[in-house]
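Per-entry structural report
The primary structure of each chain is shown beneath.
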Amino acid sequence: MIDTAIFDMDGLMFDTERLYMRALLEYVGPKTGTDFPMEGILRTLGCNHQDYIRIFPELFGTRVTPERCTELVTEWMQREIKAHGVPVKPGLYALLDALKANGFRIALATGTARPIAERYLDMTHTRACFDAAVFGDQVTRGKPDPEIFLTACRLLNGRPESTAVFEDSMNGLRAAHRGGFFSICVPDLVDPRPNLDFLPDATLRSLDEAIPLLCR
C-alpha cells in the first residue's frame, strides 16, 4: 500500500524547465556566444549542482563557465517569474490536497538549491503541503543516484516500497527505480521512457490523474 509521496520540483510541479531552456537559448547563448544543443540541455535536467558543474564543459564547451551560466539563467528566470509568476503544472494543487486528505506523508526532493526552491514554494503557496524537503545542495550524489529520494524517505519515516516518487526526467526515474520506489512518470519536455531500460510503474498525462491511482 502506498502511503508516502515524494515530488520532484522542476518540470514536475512547476513548468520551470521550459524557462530554463528559454534562458539558455534566448539569453545565455546570445550573450556569451555559446551553443546549447537540445540534447545537452536535456542531459542536465534532474542534475544537482555538483553534477552540472562536472558535465557542463563536455556538453557546452568553455566559452562560459557553468557558474556564470547559472548566474545568467537565474538572472533571466528571476525577471520572468517576477513578471509572470511561477508556472504551476496542471493538477498539482488537486493532487496535493487529495494526498493530504488521505493521510499521505509528502516530501519534496529537488536538485535545485534551497533558496531558489523555497522561493518557488512560497510564491505558489505550496510549502505547507510538504512534511519534509531535501534540496540539491544537501546531497553529494545527484540523480540518477537515489540518494536524494532515500534521504527524503527517511525523513518521512517511510519505506521505498510504499512510497510513490513523482518524476518527469530520465535521471529522476532512474533514481526512483534504483531506490526501489513506486515510480510515477509525468512527462514534461520529452517522454523519457524510450531511453529507460525499465518501465515506470505508472505514466500519467497530468498530476491529478494520480488521485484515483493512490487515493482509493
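In this report, the structure presented in the accompanying data block is examined. (Residues numbered from 1 in each chain as written. Predicted model: local features only at pLDDT ≥ 70, side-chain atom pairs only at ≥ 80, totals over all residues. Heavy atoms only, no water.)

Description of the pairing of strand 4 (residues 163–167)
Residues in a regular strand project their side chains so that they alternate between the two faces of the sheet. Most of strand 4 is tucked away, with five of its five residues classed as buried. Pairing analysis gives four bridges linking strand 1 (residues 4–7) to strand 4, with the strands arranged parallel. Within strand 4, the residue paired with Ala-5 across the bridge is Ala-164. Across four bridges, strand 4 lies against strand 5 (residues 182–185) in parallel orientation. Bridged to Val-165 within strand 5 is Ser-183. (Buried < 20%, exposed > 50% of the residue type's maximum accessible area, 1.4 Å probe, protein only. Helix = DSSP H or I, 4+ residues; strand = E, 2+ residues; numbered from the N terminus. Pairing = 2+ DSSP bridges.)

Examining the packing of aromatic side chains
What the rule picks out here adds up to seven aromatic pairs. Between Phe-7 and Phe-166 the ring centres are 4.6 Å apart and the planes differ by 15°, which places this aromatic pair in the stacked class. Of the two residues, Phe-7 is situated in strand 1 and Phe-166 in strand 4; the sequence distance between them amounts to 159 residues. Assessed through its relative accessible area of 0%, Phe-166 is described here as buried. A ring pair is formed by Phe-149 and Phe-181, whose centres lie 6.1 Å apart and whose planes are at 70°; its orientation type is edge-to-face. Within this pair, whereas Phe-149 is found in helix 7 (residues 147–155), its partner Phe-181 is found in the loop between helix 8 (170–178) and strand 5, the two being separated by 32 residues in sequence. On the basis of relative accessible area, Phe-149 is assigned to the buried category, the value being 0%. Overall, Phe-181 belongs to the buried group, its relative accessible area being 5%. (Phe/Tyr/Trp six-rings, centres within 6.5 Å; stacked < 30°, edge-to-face > 60°.)

Comments concerning the packing of helix 3 (residues 49–60) against helix 4 (residues 66–84)
Contact pair helix 3 / helix 4: the axes reach a minimum separation of 9 Å and the direction vectors enclose 120°. By the angle between their directions, the pair helix 3 and helix 4 is classed as oblique. Two secondary-structure elements touch here, helix 3 through His-49, Tyr-52, Ile-53 and Phe-56 and helix 4 through Pro-66, Glu-67, Cys-69 and Thr-70. Tallied by class, residues from the contact of helix 3 with helix 4 come to five nonpolar, two polar and one charged. (Axes fitted to C-alpha atoms, helices over the stretch in contact; angles between N-to-C directions. Parallel < 35°, antiparallel > 145°, perpendicular 65-115°, else oblique. Contact = heavy atoms within 4.5 Å. Nonpolar A, V, L, I, M, F, W, Y, C, P; charged D, E, K, R; others polar.)

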